[in-house]
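Listed below are the residues making up each chain.
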Amino acid sequence: MRAPRSGAGGPGRPVDVDALPGEPVLSVRNLTTVFATRAGEFTAVDDVSFDVWPGECLGIVGESGSGKSVAALSILGLVDYPGGVAAGEIRFRGEDLRRLRPEALRALRGSRLAVVFQDPQTALNPLFTVGRQMTDFVRAHRRASTREATRLATEKLRLVGVSAPEQRLRAYPWELSGGLRQRVAIAMALLLDPELIIADEPTTALDVSIQAQIVELLVDLKQRLGFSLIFISHDLGVVSAVADRVLVMYAGRAVERGPVGETFAHPLHPYTAALVASAPTLESVRGRPLPTIPGSLPGPSDRPAGCVFAPRCPRAQPICWAEQPPLAPVLPGREAACHFPLLPDAPATTGTARG
Ligand SMILES: Nc1ncnc2c1ncn2[C@@H]1O[C@H](COP(=O)(O)OP(=O)(O)OP(=O)(O)O)[C@@H](O)[C@H]1O
Ligand SMILES: [Mg+2]
């Protein structure tokens, strides 16, 4: 069965993908990324599959250490020694990125496939002006005169709401505020009109009011330019504002996937329910006392044979410890990796996950 999506309909409005034409921009199948550690091999991303469709935003959420960034880096071919993608397929517009030569992958990164990181410092070198970096970036990817590259840089800065862009081009990154630096980083990502942008916690380092502006900017740009977006965040409030669909990760595994509105309003997986119940910025939980999720992520040596969430799950039964549940359809357009998903007519048990 093909994955359902909500795309053009906007956040929370599910659209049956079988009714939509076209192919996914990105198709990830059984992605497994491991790190060699002193304690042995550690699986940071464990058999994860998902699609990203044209013009949609897929949010990826999960606690710190759940494998969100490693999944993004795996797609970008940026997992370094002692780690590596051990298995799976990563298809971008049908092309298997794992089979691409390093220089072809480098050419793709930054052009058709762009990235925005949490810390804009990673994208910007403090030693060079914004203009120099943007024009160098354009010229590393395509033939262009300095004048043409400068014109493009100015246009993209304007697009992301930077006022007096000609002046900003002459500035060094450290002369700019955090919010402005992130706008510049987004303009860099947009320079060559990417089809897919992977944004890993792009607002986490910013003040709340600036966060909201950057979120609004990304939503607006996505609508106007039509790129697809993978938006990684531990902040469910931000994800619900940006994403159409959401993938919930726990201990390297995909535990739930579905339209963002329905998933956060009525989680199927007890882990998602616990995450929602402890989300301070989510509209649905605002004003309520915030519980934390009891327990912690299992370490490399104490992952259970069955469901990775079983040790913290209020609904766990013997089968949960013994058998790993696959991510499977539970409701139309909704999937969960759970032996006992929280079906809408089931007794309200989400609260049992609260500390
Ligand atoms: N270079 C590395 N060597 C060993 N383990 C690593 C390495 N990079 C990441 N990991 C491990 O992989 C797991 C997933 O990490 P990842 O950075 O993807 O988490 P995350 O979900 O992005 O968390 P956060 O919300 O804190 O950004 C973690 O347990 C982490 O310790
Ligand atoms: Mg991360």
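The preceding data block contains the structure.
It should be emphasised that the depicted structure is a prediction, and the values quoted were computed from it without experimental measurement.

Visitor: Please explain the overall build of the protein chain as it appears in this structure.
Guide: In terms of helices and strands, the protein chain carries twelve helices and twelve strands. The buried share of the protein chain, reckoned over its 355 residues, is 47%. Pairs at least 24 residues apart make up 64% of the contacts formed inside the protein chain by residues separated by at least 6 positions.

Visitor: It is not clear to me how the site of ligand 1 should be interpreted in this structure. Could you clarify?
Guide: Neighbouring ligand 1 are 14 residues, the closest being Ala 44, Ser 64, Lys 68, Ser 69 and Val 70. Those elements giving two or more residues to the shell around ligand 1 turn out to be β1 (26-37), β2 (40-52) and α1 (68-76). Broken down by element, the shell around ligand 1 gets its largest block of residues, three residues, from α1. Here the shell around ligand 1 is composed, by residue class, of four nonpolar, nine polar and one charged.

Visitor: I keep staring at the sheet that holds strand β10 (residues 253-259) and nothing clicks. Help me out?
Guide: Each strand in a sheet pairs with another by means of backbone hydrogen bonds, the pair being arranged parallel or else antiparallel. The strand order β6-β7-β8-β3-β9-β10-β12-β11 describes an open sheet built from eight strands, whose pairing is mixed. What marks the edges here is a single partner per strand, and that holds for β6 (113-116) and β11 (328-331). In this sheet, neighbouring strand axes are inclined to one another by 25 degrees on average, regardless of whether the strands run parallel or antiparallel. Bridge count between strand β3 (residues 57-61) and strand β9 (residues 245-250): four bridges; the pairing is parallel. Each residue of the ladder has a partner; that of Val 61, found in β9, is Val 248. Its contacts with the sheet put helix α11 (residues 270-277) on β3, β9 and β10, and the angle it makes with β9 is roughly 100 degrees.

Visitor: What exactly am I supposed to notice about the packing of helix α7 (residues 178-190) against helix α8 (residues 208-225) here?
Guide: Any two packed helices are characterised by the angle at which their axes cross and by the distance between the axes. The contact between α7 and α8 brings their axes to 10 Å, and the two run at 20 degrees. Taken as axis vectors, α7 and α8 run roughly parallel relative to one another. When the axes of α7 and α8 are compared, the crossing they make is right-handed. On the side of α7, the interface is formed by Gly 178, Gly 179, Gln 182 and Ile 186, while α8 contributes Ile 210, Gln 213, Ile 214 and Leu 217. A per-class count over the contact of α7 with α8 returns four nonpolar, four polar and no charged.

Visitor: Sorry, what's going on with α1 here?
Guide: Burial analysis of α1 places eight of its nine residues in the buried class, the great majority of the element. Of all the residues in α1, the buried ones are Lys 68, Ser 69, Val 70, Ala 71, Ala 72, Leu 73, Ser 74 and Ile 75. At the C-terminal side of α1, Gly 77 shows a positive phi close to 70 degrees.

The rules we used
Residues numbered from 1 in each chain as written. Chains lettered and ligands numbered in written order. Predicted model: local features only at pLDDT ≥ 70, side-chain atom pairs only at ≥ 80, totals over all residues. Helix = DSSP H or I, 4+ residues; strand = E, 2+ residues; numbered from the N terminus. Buried ≥ 20, exposed ≤ 12 C-beta atoms within 10 Å, placed from the backbone. Contact = placed C-beta atoms within 7 Å. Near = placed C-beta within 6 Å. Nonpolar A, V, L, I, M, F, W, Y, C, P; charged D, E, K, R; others polar. Pairing = 2+ DSSP bridges. Axes fitted to C-alpha atoms, helices over the stretch in contact; angles between N-to-C directions. Parallel < 35°, antiparallel > 145°, perpendicular 65-115°, else oblique. Left-handed = near helix turned anticlockwise from the far one by under 90°.

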